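# Structure assessment
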Amino acid sequence: MKIPEFRNQVSLALAITLLTVSVASLPLAARAAQQHQNPAPPPSDHTQHNHGGFMQDGMHHAAAKGIKLEQQVDTANHTVTLREGPITLPANTSHMMMPQPPDVFWSIPLDAFLLSYTPRLVDANGNVVPGTVLHHTAFWNTDRSDFLCPNKEEHIFGAGSELTNWMEIPGYGYRVQKGDKIRIETMVHNPTATNYDKVYLEVKIPYADSAASTKSIYPTWMDVQSCANSGYDLHAGKNENVGTVTVKYNGILLGVGGHMHDYAKQIVLEDATRKETVATLNANVDEKGQLVSMPVVTFFDRGGYKFAAGDQLRITATYDNVTGKPLPAGAMGIVVGYFLPADDSGMSALRRKPKPTTRQVAATHE
């Protein structure tokens, strides 16, 4: 790998990649193919929905009905656009009280490299809906294990109310195979005084053909909850939580951003093995403590931050909950980055053995 060439290609792109606000999206070509993806089967009582993985284990919500996932594949422009909904959002409703979309599954339509992700919220007429009603969305590759937490599916993309736009890094992408199942877990709320009816989450994903000269990078989620579920409770006042994960492969970290919630103060990533601070990310919040953005730190001046197999990483998340009351599942603390392994062939061990499926995942309509 030629670090100087790599640095010139991506230093500007990644500096605005990991956590940049964007609601832009381009229309698809008229010849785009459309596919409908089925949601995961609801629990047996058809009234409750349990979020695992990204959220706190055991959290139950009423399940929103009628949620579908559609995809449009624009082969001329090498772009997939996903559309999940419709979702009804009554005013002044917390995520604990809001009926939540069941998990839906996106079946990858071709062998490719996914290059970037641009999310936005719209109504049935295509009007933009404020991102503040999105609590979070998370994309998980069910056919691969996370390289830091093998007990989890590979977490490939996430966004919160800031509508994170992950822009393209020229020459690099996330490798997928046709038929891979991406589980999409979305949680919504509506802290505003406006009712929103028939809201859709749209995510535009450019791709490169698998034969392209693209190098594989791996989304890296270093979580204050270690390898457990990411959501946790906030008590009133200052909260400081610490977690650790262990790197299992040699390689470099290209840069990092952060994912936190309202009343966030700071998240710090340290290499505890080397006793070094990798990055300190101070949250940008408004006068009410609502999260506006998180900063990005890149490591191009040093050719990437080198990780060695066995390095233990420590993540410390600090909040100041000024509401004076506990906030159940009110926090997350995740440092998000891209990892470039020294030997990509070793990452093949992350692919999970196929499991038999009994449900239809996609139907194609020309």
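As the structure is a computational prediction, the values presented were derived from the model and not from experiment.

## Some words on the overall build of the protein
Scanning the protein from terminus to terminus reveals one helix and 30 strands. In the protein, the share of contacts with a sequence separation of at least 24, taken over all contacts with a separation of at least 6, comes to 82%. Summed over its atoms, the accessible surface of the protein is roughly 15,700 Å², and 50% of this surface lies on carbon and sulfur atoms.

## Section: the nonpolar core
Formed by 47 residues in total, the largest nonpolar core has its most connected members in Trp-106, Leu-114, Tyr-117 and Phe-139. In terms of residue count, strand 15 (residues 196-209) provides more of this core than any other element does, six residues in total. Residues in contact with Tyr-117, not counting those within four places in the same chain, are Ile-156, Phe-157, Thr-164, Asn-165, Trp-166, Tyr-174, Val-203, Lys-204 and Ile-205. Membership of the second largest hydrophobic core comes to 37 residues, among which are Phe-147, Leu-234, Ala-279 and Leu-291.

## A look at the sheet that holds strand 21 (residues 264-271)
As a general point, the strands of a sheet are linked pairwise by backbone hydrogen bonds and lie either parallel or antiparallel. Ordered in space as 19-27-21-22, the four strands form an open sheet in which the pairing is antiparallel. At either end of the open sheet lies a strand with only one pairing partner, and these are strand 19 (237-246) and strand 22 (276-282). Across the sheet, the axes of successive neighbouring strands diverge by a mean angle of 15°, strand direction being ignored.

## Focus on the state of the cysteines
One pass over the full model with this rule turns up one disulfide. Disulfide pairing places Cys-149 opposite Cys-227 at an S-S distance of 2.0 Å. Measuring handedness by torsion sign, the sulfur bridge of Cys-149 and Cys-227 sits at about -75° and is left-handed. Of the two residues, Cys-149 is situated in the loop between strand 10 (134-145) and strand 11 (153-159) and Cys-227 in the loop between strand 17 (218-223) and strand 18 (232-234); the sequence distance between them amounts to 78 residues.

## Some words on the side chain of Glu-153
Examined against the element boundaries, Glu-153 turns out to sit in strand 11. The contact partners of Glu-153, leaving out residues within four places of it in the chain, are Trp-140, Asn-141, Thr-142, Arg-144, Asp-146, Arg-183 and Arg-352.

## A word on the sheet that holds strand 14 (residues 181-188)
The antiparallel open sheet is built from four strands, whose spatial order is 7-14-10-11. With partners counted over all chains shown, the strands left at the sheet margins are strand 7 (104-107) and strand 11, one partner each. In this sheet, adjacent strand axes meet at a mean angle of 25° when their direction is disregarded. Pairing analysis gives six bridges linking strand 10 to strand 11, with the strands arranged antiparallel. Looking at strand 11, one finds that Trp-140 is bridged to His-155.

## Here's the deal with the pattern of salt bridges
Applying the stated criterion across every chain yields a total of ten salt bridges. One salt bridge in this structure joins Glu-270 and Arg-314, with 3.7 Å as the shortest N-O distance. Residue Glu-270 is located in strand 21, and its partner Arg-314 is located in strand 27 (residues 312-321); the two are separated by 44 residues in the primary sequence. By relative accessible area, Glu-270 is classed as partly exposed at 22%. Residue classification places Arg-314 among the partly exposed positions, given a relative accessible area of 31%. The residue Asp-271 makes a salt bridge to Arg-274 at a minimum N-O spacing of 3.5 Å. Note on Arg-274: relative accessible area 32%, which makes it partly exposed. In this structure, a network of salt bridges that share partners links the residues Asp-103, Glu-153, Arg-183 and Glu-185.

## Regarding the pairing of strand 17
Of all six residues in strand 17, six are buried; the element is thus mostly enclosed. The two faces of strand 17 match: Tyr-218, Thr-220 and Met-222 on one face and Pro-219, Trp-221 and Asp-223 on the other face are all buried.

Rules used in this analysis
- Residues numbered from 1 in each chain as written.
- Predicted model: local features only at pLDDT ≥ 70, side-chain atom pairs only at ≥ 80, totals over all residues.
- Heavy atoms only, no water.
- Helix = DSSP H or I, 4+ residues; strand = E, 2+ residues; numbered from the N terminus.
- Contact = heavy atoms within 4.5 Å.
- Areas by Shrake-Rupley, 256 points an atom, 1.4 Å probe, with all protein chains shown as cover.
- Core = buried A, V, L, I, M, F, W, Y, C linked by side-chain atoms within 4.5 Å.
- Buried < 20%, exposed > 50% of the residue type's maximum accessible area, 1.4 Å probe, protein only.
- Pairing = 2+ DSSP bridges.
- Axes fitted to C-alpha atoms, helices over the stretch in contact; angles between N-to-C directions.
- Disulfide = S-S within 2.5 Å.
- Salt bridge = Lys/Arg side-chain N within 4 Å of Asp/Glu carboxyl O.

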